[in-house]
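Analysis of the macromolecular model
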Amino acid sequence: MKNSSEENMELTYAEMAALTPKERLERNPLSALYSKFRVHYYRDVFKRINSRELSLTTTEVYCVEIIHNLGNPTIQEFSNFIGISSPNATYKVNSLIKKGYVKKVQSDKDKREFYLDVTEKYYRYYNINEKYLDIVENRLKDNLSPEEFEIFNNTLKKIYNEMMPEVDLEN
């Protein structure tokens, strides 16, 4: 008997691409949910770029999000995480600094070392995206029993902590 991940592997890329959102939801709910969140986020990013509300390119948006999620990385840690050269990472970081979304903070222990931190300008942008997650969370609370909501949150925590070691933001 095949498990669901083996069944998913049997589909070709063309077959997977041809699935409707409803079929994708039935086949792999996590993938469908993740896609829906991504599409909402991308739409929001493009809306902000087109309205000149956001002075970042899409690549810069991804970079500043990664810096934020890594929690004060050095340029080298940022570079290693996204798999680009240090000079390329430095170029991207300097652009984010110039636009006011990132700042360098000198280490208290080693004055030669600097950490990257996001600025208030980033948080003003970021909070707009967080509001959508708050809306979805409130809808979940309204539609699930307290026990179901707790199970859902515990499942998400398990996925975050145990199921995705490839994206360890702590190390």
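Scroll up for the structure.
Residues numbered from 1 in each chain as written. Predicted model: local features only at pLDDT ≥ 70, side-chain atom pairs only at ≥ 80, totals over all residues. Heavy atoms only, no water.

Our focus in this paragraph is the overall build of the chain. Secondary structure assignment for the chain yields 9 helices and 2 strands. In terms of overall dimensions, the chain is more spread out than a globule: its C-alpha atoms have a radius of gyration of 19 Å, far above the 16 Å expected for 171 residues. C-alpha extents for the chain along the principal axes are approximately 60 × 35 × 35 Å. Taking all 171 residues of the chain together, 23% fall into the buried category. Residue pairs in contact within the chain that sit at least 24 positions apart in sequence constitute 44% of those at least 6 positions apart. About 12700 Å² of surface is accessible on the chain, with carbon and sulfur atoms providing 55% of the total. Charge separation in the chain, taken as the distance between the mean sites of 25 positive and 27 negative side-chain charges, equals 9 Å. (Helix = DSSP H or I, 4+ residues; strand = E, 2+ residues; numbered from the N terminus. Rg over C-alpha atoms; globule rule 2.2 N^0.38 Å. Buried < 20%, exposed > 50% of the residue type's maximum accessible area, 1.4 Å probe, protein only. Contact = heavy atoms within 4.5 Å. Areas by Shrake-Rupley, 256 points an atom, 1.4 Å probe, with all protein chains shown as cover. Lys, Arg positive; Asp, Glu negative; His and termini not counted. Charge placed at Lys NZ, Arg CZ, Asp CG, Glu CD.)

In this model helix α4 (residues 29-50) runs 31 Å from its N-terminal to its C-terminal C-alpha over 22 residues, within 8% of the 32 Å that 1.5 Å per residue would give. For α4, the complete set of buried residues consists of A32, S35, Y41, D44, V45, R48 and I49. (Expected span 1.5 Å × (residues − 1).)

Time to look at the pattern of salt bridges. Within the structure shown, the criterion is met by 2 salt bridges. The partner of E60 in a salt bridge is K99, with the nearest N and O atoms 2.7 Å apart. Of this pair, E60 sits in helix α5 (residues 58-70) while K99 sits in the loop between α7 (86-98) and β1 (102-106), and the two are 39 residues apart along the sequence. A relative accessible area of 26% means that K99 is categorised as partly exposed. Salt-bridge contacts for R112 lead to D110; the nearest nitrogen and oxygen are separated by 3.0 Å. For D110, a relative accessible area of 25% gives the class partly exposed. (Salt bridge = Lys/Arg side-chain N within 4 Å of Asp/Glu carboxyl O.)

Let us look at the packing of aromatic side chains. On inspection of all chains with the given rule, the structure shows 4 aromatic pairs. Members of the aromatic cluster, connected to one another through ring pairs, are Y41, Y42 and Y62. (Phe/Tyr/Trp six-rings, centres within 6.5 Å; stacked < 30°, edge-to-face > 60°.)

Turning our attention to the packing of helix α6 (residues 75-82) against α7. Contact geometry of α6 with α7 gives a least axis separation of 9 Å together with a crossing angle of 110°. Here α6 lies roughly perpendicular to α7, going by the angle between them. When you trace α6 past α7, the crossing you get is right-handed. For the pair α6 and α7, contact is made by I75, Q76, F78 and S79 and by S86, A89, T90 and V93, respectively. (Axes fitted to C-alpha atoms, helices over the stretch in contact; angles between N-to-C directions. Parallel < 35°, antiparallel > 145°, perpendicular 65-115°, else oblique. Left-handed = near helix turned anticlockwise from the far one by under 90°.)

This brings us to α6. If you check which residues of α6 are buried, you get I75, F78 and S79. End-on, the buried residues of α6 take up no more than an arc of 100°, which puts them together on one face. Buried residues in α6 make contact with α5, α7, β1 and β2 (114-118). (Arc of directions from axis to C-beta.)

Among the nonpolar cores identified, the biggest contains 21 residues, and L54, V64 and I67 are the most heavily contacted of them. Elements with a minimum of two residues in this core: α4, α5, α6, α7, β2 and α8 (120-143). The leading source of residues in this core is α5, at 4 residues. Ignoring anything within four residues of it in the chain, the contact list for I67 reads N72, P73, F78, V93, L96, V102, L116 and V118. (Core = buried A, V, L, I, M, F, W, Y, C linked by side-chain atoms within 4.5 Å.)

Glycine aside, the phi torsion of most residues is negative, and most peptide linkages are trans. Even without being a glycine, N72 presents a positive backbone phi close to 60°. Structurally, N72 can be placed in the loop between α5 and α6. According to the relative accessible area criterion, N72 is partly exposed, its value standing at 37%.

As far as function goes, none of this settles anything; it's purely spatial.
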